[in-house]
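# Descriptive analysis of the structure
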Amino acid sequence: MAGIHVGSKPRINGAMLGQNQGTVVCLLGIAHDPDNSGMSFKLKTCDDQIVTVKLQEPLQEYLQGLTEVHGEVQGREIKAQSYVVFPAEYSSSFDMKQYNKALNLIAQCPQYYKIASNES
């Protein structure tokens, strides 16, 4: 996908979308239900929320399973800049509940988990 944002992005869950409006983030979840045009799909986040991912160009592959999306939060949607689909064996063994706990811990203690910036 074109227009990839370089630099660190906060990792969030579905509940954190509201406080990250307009921010480029990293959102991990289970991809499903691509639309017929291939321009969007649904992502079930680690806190069991459903987020629509809007793409810049149509999908060239069938998308399902553990997927990491990098993009800008716009309401309850992510305008994707890029995404990574993990192999099926990762989808079945990845512990979403533990990942969600880690995200919440990072959010509760931001002084210990700094997000580096490449911008001057």
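The structure presented is a predicted model; accordingly, all values stated were derived computationally and were not measured.

A few words on the nonpolar core. Among the nonpolar cores identified, the biggest contains 23 residues, and I12, F41, L43, V53, V69 and I78 are the most heavily contacted of them. Elements with a contribution of two residues or more to this core: β2 (24-32), β3 (40-45), β4 (50-54), β5 (65-74), β6 (77-85) and α2 (96-108). Sort the elements by how many residues they give to this core and β2 lands first, with 4 residues. In this structure, L43 is in contact with L27, L28, G29, I30, A31, H32, Q49, I50, V51, V53, T67 and V69, ignoring residues within four places of it in sequence.

All right, on to the packing of aromatic side chains then. One pass over the structure, following the stated rule, counts 3 aromatic pairs. Ring centres of F86 and Y90 lie 6.4 Å apart, and the angle between their planes is 70°; on these two criteria the pair is classed as edge-to-face. Assessed through its relative accessible area of 26%, F86 is described here as partly exposed.

Confidence in the prediction of the protein, expressed as mean pLDDT, is 88, and 85% of residues score 70 or more. Mean pLDDT values over the elements of the protein span from 87, in helix α1 (residues 88-93), up to 98, in β4. Here residues 1-5 is modelled with pLDDT under 50, and outside its nearest four sequence neighbours on either side it reaches 15 contacts, counting other chains as well.

The next thing to look at is unusual backbone geometry. A positive phi is found at D33, a non-glycine position, where the angle reads about 50°. Positioned with a positive phi, D48 is a non-glycine residue whose angle comes to about 65°. Checked against the element boundaries, D48 lands in the loop between β3 and β4.

What counts and what doesn't
The numbering scheme is per chain: residues are counted from 1 as the chain's sequence reads. Per-residue local features are limited, in this predicted model, to residues with pLDDT of at least 70; the limit for side-chain atom pairs, both in listing and counting, is 80 or more; totals at the level of whole chains, interfaces and linings are taken over all residues. The basis for the side-chain values is all heavy atoms of the structure; hydrogens and waters are excluded. Think of a nonpolar core as a cluster: buried Ala, Val, Leu, Ile, Met, Phe, Trp, Tyr and Cys residues, connected wherever their side-chain atoms sit within 4.5 Å. Burial classes follow relative accessibility: with a 1.4 Å probe on protein chains only, a residue under 20% of its type's maximum area counts as buried, one over 50% as exposed, and anything between as partly exposed. Comment: elements are numbered from the N terminus, with helices defined as DSSP H or I runs of at least four residues and strands as E runs of at least two. Residues are treated as being in contact if the distance between any of their heavy atoms lies within 4.5 Å. Note on aromatic contacts: the rings of Phe and Tyr and the six-membered ring of Trp form a pair at centre separations within 6.5 Å, being stacked when their planes are under 30 degrees apart, edge-to-face when over 60 apart, and tilted otherwise. On a range of 0 to 100, pLDDT expresses the predictor's confidence in each residue.

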